Amino acid sequence: MEDLVTTARTTVKGGLYILLGNVLSTALLALTSIIVARALGPKDYGLYSLSLVPSSLVATLITLGVNSAVINFIARYFSKGDLEGASRFILYGGSYSLLSGTLAALLLVAYSNPLATYLLKRGDLADLVRLTSLALLGQSMLNFSLSTFYGFNNMRPAAFLRGFQAGMKLSLISALILYGLRERGAILGHSLSYLLAGLAGAFVAFRTAKAPLDFKRVIIGAPRGLKQMLAYGLPIYFSSLLLGLTVQINNIILAAYATDVEIGNYSVAFKLLSLLTLLSSPVSMTLFPTFSKFDLVKGRDKLGKLLRWSVKYTALLLIPSSTYIMLFSAQLIRLIYGTSYVLAPIYLALLAVNYLYAGLGSLAIYPFFNGIGMTRTTLAIAFISSLTSISLALPLTLTLRVEGLILANLSGSLVGLTYGLIKLKNAGLKLDLGSSIKIYVVAGLSSLIVWALKSLLPLNGGLAKLAVLSPVYAFLYFLILPLSGSISLRDVDVLRSIFKGFKPLYAPLRPLLAFEERLIRLRGKLK
């Protein structure tokens, strides 16, 4: 039990660092985007954005899942105390990233003219496309560096590196635009930020390979090591391509059958939903190296318990967050984007449903199967999900407009998740779905009460409703949660043990856990 609590504490700590890094980098990149857009104007900003397309496309194609393999193998070997094995895969992964990034950058320079002419339909952008080759090499090394840190569950330098890249991008682009280089300066600043962050990250990542290595043996074993990494990583790579293909098909269908107004409303809703993505992405990212430490056969019991904890405790956070956004979608849209986006609230409410799947393990399924090495199962889940979404997208969009497209994607996610749960059961593991159902009921009941209050109370304006009813929603949720039996004294003890070492977070959490504990004991007395 204590080992699992320690593991969970390390995972949560890593997740907090990733969250902080994501928030910082997102804020800096948003500020950079505003500065570039205002400085360049619509036309030149469009050229800047288009020039980045070829390098982004190539960066996606060259990974081959190697970075995922770096995370898994480093975590696996390091958890066994085999620093030499972990160091070996740092060298293999870094060498692949350096060589593939360099080769891709050279090819991008060589073929910049046809890419600009035939892909972008603007031959005069060839010079800008060539400049992005620096970003391509930098991205390759940056992603390798982040994967190395993730593998060691050392999220602090990973968070710092993301913030460093975003900060450098803001500084360099601002300086170069002020110098008068306009879109060329923006592209150069973007590219140099990735190159500098990638090289700095790679330097630190290679220094973590502290074990003495027999380089002759490492070189001889390189083909075998690369084969292992590709065998592991390619299914994850193809999974990402499938999900990316689904997004592109969605965009094509939207462009063909939705009006400009509908697309604008959908884009606004999707951007606002990124608030939930900021919460969910650290969960998946930290669970991946955590699950990689366990063997399905030897550590089945611990693995099963950790899986159930991860699903239940992420559900406690994300299910009420999702229902809150669904409940206040209209007020949030009007407060942030104004009253013009009349369709966005319903789109936002539907999009938020995807995060309700957290109670069914949606955030844990992918990192779980990837962690234990069942990457082909991950590919099967992605294939089933994408096939379902793509099959339903056109008929539902023609029938229900944008709402139909969102429902198609929700259906695909649910069908893929169901397949994942079946494979989980076949592996001899199961989730605590009873607790998830209770959390759904608690969040739903809290939302229903607040919805009634929102209709009955004379509150004028969205801001007033948010200010008054948001605390009411939180109070109701945390009041009903222990009284319904959704959490137990054991859960409170586990959460207290996990968060006790994080003073800034534990300070506000401590009275909340004490409140939950008193209500659980009261429920026990009333039985």
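Bear in mind that the values here come from a model prediction, so they are computed numbers and not experimental data.

1. With respect to helix H16 (residues 362-371)
The α-helix winds at 3.6 residues per turn, so residues separated by three or four positions along the chain end up facing the same way.
Now for step 1: With 8 of 10 residues buried, H16 is to be regarded as a mostly interior element.
Now for step 2: The complete set of buried residues in H16 reads Leu363, Ala364, Ile365, Pro367, Phe368, Phe369, Asn370 and Gly371.
Now for step 3: Once H16 ends, the next one or two residues include glycine 373, with phi positive near 90°.

2. Focus: the environment of serine 267
Now for step 1: Inspection of the secondary structure puts serine 267 in helix H11 (residues 260-272).
Now for step 2: Relative accessible area serves as the criterion here: at 31%, serine 267 is assigned to the partly exposed category.
Now for step 3: Spatially, the C-alpha atom of serine 267 lies 9.8 Å from that of leucine 348, the residues being 81 residues apart in sequence.

3. Notes on the packing of aromatic side chains
Now for step 1: Enumeration over the complete set of coordinates arrives at 17 aromatic pairs.
Now for step 2: For the pair tyrosine 266 and tyrosine 347, a centre-to-centre distance of 6.5 Å together with 65° between the ring planes defines the contact as edge-to-face. Linking tyrosine 266 in helix H11 with tyrosine 347 in helix H15 (residues 344-352), this pair joins segments that are 81 residues apart in sequence.
Now for step 3: Judged by centre distance (6.5 Å) and plane angle (35°), the ring pair of phenylalanine 475 and phenylalanine 515 falls under tilted.

4. A short note on the environment of serine 281
Now for step 1: Of note, serine 281 is situated in helix H12 (residues 274-292).
Now for step 2: Accessibility expressed as a relative area gives 28% for serine 281, which makes it partly exposed.
Now for step 3: In this structure the C-alpha to C-alpha distance between serine 281 and leucine 466, which are 185 residues apart in sequence, comes to 26 Å.

5. A closer look at the nonpolar core
Now for step 1: Residues Leu307, Phe368, Ile406 and Leu424 are the most contacted members of the largest nonpolar core, which totals 81 residues.
Now for step 2: The element that contributes the greatest number of residues to this core is helix H13 (residues 300-327), accounting for 12 residues.
Now for step 3: Those residues within four positions of leucine 307 in sequence are excluded, and the remaining contacts are Phe291, Ala364, Phe368, Leu424 and Leu431.

Quick notes on the rules
All chains use their own residue numbering, which begins from 1 and follows the written sequence. For a predicted model such as this one, the threshold for reporting local features is a pLDDT of at least 70, and the threshold for listing and counting side-chain atom pairs is 80 or more; totals across whole chains, interfaces and linings nevertheless cover every residue. Side-chain measures here rest on the full set of heavy atoms in the structure, leaving out hydrogens and waters. The classification of residues rests on relative accessible area computed with a 1.4 Å probe and restricted to protein chains. Under 20% of the type maximum is buried, over 50% is exposed, and intermediate values are partly exposed. Note on conventions: DSSP H or I runs of at least 4 residues are helices, E runs of at least 2 residues are strands, and numbering of each starts at the N terminus. For Phe, Tyr and Trp, where Trp contributes only its six-membered ring, two rings pair if their centres lie within 6.5 Å, and the inter-plane angle classes them as stacked under 30 degrees, edge-to-face over 60, or tilted in between. What makes a nonpolar core is a set of buried Ala, Val, Leu, Ile, Met, Phe, Trp, Tyr and Cys residues whose side-chain atoms join them at distances within 4.5 Å. We call two residues in contact whenever any of their non-hydrogen atoms come within 4.5 Å of each other.

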